[in-house]
Amino acid sequence: MKNIDEGLLHRAFSVFLFDSHNRLLLQQRASEKITFPDMWTNTCCSHPLGIPGETGSELSEAVQGVRRAARRKLDQELNIQAAQVPLEKFRFLTRIHYKAPSDGKWGEHESTSSSSGMYYCITADTAPS
């Protein structure tokens with residue numbers, strides 16, 4: 001919590017994935033997660049990495065990078081393949097800045113810009129495993 005209390009921020013994104021019937025896919029966080037274990041949450045949350053393809057010096061590059069990061073995490077966490085969530089289907093929803101302690105030791109203090117943020121994606125029916 002020390003970094004959080006000092007006001008240090010990091011970039012984050014959230015994905016709200018809807019199927020063709022406008023149903024939102026939720027997930028329950030794993031018991032092993034450091035922050036907010038076992039909590040029900042939106043489809044996917046994470047952070048763009050400082051790797052080629054997820055960063056960019058221009059706004060359009062940074063936006064595409066966050067979309068790629070979102071697809072990476074959807075695959076890693078929910079086995080939703082890239083073909084099921086085309087980059088052009090991700091729509092920017094809003095920006096947020098929040099601070100949320102989890103267990104007294106860990107928590108989140110995240111900021112989103114116009115490149116990262118909350119996205120929604122309407123896609124064909126998915127069958128995550």
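What counts, and where the lines are drawn
- Residues numbered from 1 in each chain as written.
- Predicted model: local features only at pLDDT ≥ 70, side-chain atom pairs only at ≥ 80, totals over all residues.
- Heavy atoms only, no water.
- Helix = DSSP H or I, 4+ residues; strand = E, 2+ residues; numbered from the N terminus.
- Buried < 20%, exposed > 50% of the residue type's maximum accessible area, 1.4 Å probe, protein only.
- Contact = heavy atoms within 4.5 Å.
- Areas by Shrake-Rupley, 256 points an atom, 1.4 Å probe, with all protein chains shown as cover.
- Pairing = 2+ DSSP bridges.
- 1 Å grid on protein atoms, 1.4 Å probe; cavity = no way out; pocket = protein on both sides within 12 Å on 5 of 7 lines; lining within 4 Å.
- Points joined across faces, edges and corners; volume = space filled by probe spheres on them.
- Nonpolar A, V, L, I, M, F, W, Y, C, P; charged D, E, K, R; others polar.
- Core = buried A, V, L, I, M, F, W, Y, C linked by side-chain atoms within 4.5 Å.
- Patch = residues over 30% accessible without salt bridge, like charges linked within 9 Å, V, L, I, M, F, W, Y side chains within 5 Å.
- Salt bridge = Lys/Arg side-chain N within 4 Å of Asp/Glu carboxyl O.
- Disulfide = S-S within 2.5 Å.

Enquirer: I'd love a proper account of the overall build of the chain, names of residues and values included.
Expert: Per the secondary structure count, the chain includes two helices and nine strands. Helices (α) and strands (β) of the chain occur, in sequence order from the N terminus, as α-β-β-β-β-β-α-β-β-β-β. Burial analysis of the chain (129 residues in total) assigns 35% to the buried set. Taking the intrachain contacts of the chain between residues at least 6 apart in sequence as the baseline, contacts between residues at least 24 apart amount to 64%. Accessible surface computed for the chain: about 7600 Å², of which carbon and sulfur atoms make up 54%.

Enquirer: Would you mind going over the sheet that holds strand E8 (residues 107-111) in detail, with residue names and values included?
Expert: In spatial order, the strands read E1-E8-E7; together these three strands make up an open sheet with mixed pairing. Every other strand in the sheet has two partners, leaving strand E1 (10-11) and strand E7 (97-101) as the edge strands with one partner each. In terms of strand pairing, E7 meets E8 through five bridges, oriented antiparallel. Within E8, the residue paired with His 97 across the bridge is Ser 111.

Enquirer: So what's going on with the layout of surface pockets? Residues and values would help.
Expert: Here the largest pocket defines a volume of roughly 420 Å³. In this structure, the largest pocket is lined by 20 residues; those nearest its centre are Arg 29, Phe 36, Cys 45, Tyr 98 and Glu 108. Broken down by secondary-structure element, the contributors of at least two residues to the lining of the largest pocket are strand E2 (13-18), strand E4 (40-41), strand E5 (44-46), helix H2 (59-78) and E8. When grouped by side-chain class, the residues that make up the lining of the largest pocket number seven nonpolar, seven polar and six charged.

Enquirer: Provide a residue-level description of the nonpolar core, including the pertinent values.
Expert: Listed in full, the 12 residues of the largest apolar core are Phe 13, Val 15, Leu 17, Cys 44, Val 66, Ala 69, Ala 70, Leu 74, Leu 78, Ile 80, Val 85 and Phe 90. Looking at this core, the elements that each hand over two or more residues are E2 and H2. For this core, the leading source of residues is H2, giving five residues.

Enquirer: A description of a nonpolar patch on the surface should follow, citing residues and the corresponding values.
Expert: On the surface, Leu 24, Leu 26 and Trp 40 cluster together to form a nonpolar patch covering roughly 330 Å² of accessible area. Tracing the chain through its elements places Leu 24 in the loop between E2 and strand E3 (27-28).

Enquirer: An account of the side chain of Thr 35 is needed here, citing residue identities and associated values.
Expert: In this structure, Thr 35 sits in the loop between E3 and E4. If we skip the residues at most four places from it in the chain, Thr 35 touches Arg 29, Ser 102, Trp 106, Gly 107 and Glu 108.

Enquirer: Report on the state of the cysteines, specifying residues and quantitative values.
Expert: Chemically, a disulfide is nothing more than a covalent bond linking the sulfur atoms of two cysteines. Within this structure, the stated rule accounts for zero disulfides. Looking at the unpaired Cys 44, the closest cysteine sulfur is the one in Cys 45, lying at 6.7 Å. Cys 44 sits in the buried class, given a relative accessible area of 0%. Given a relative accessible area of 29%, Cys 45 falls into the partly exposed group.

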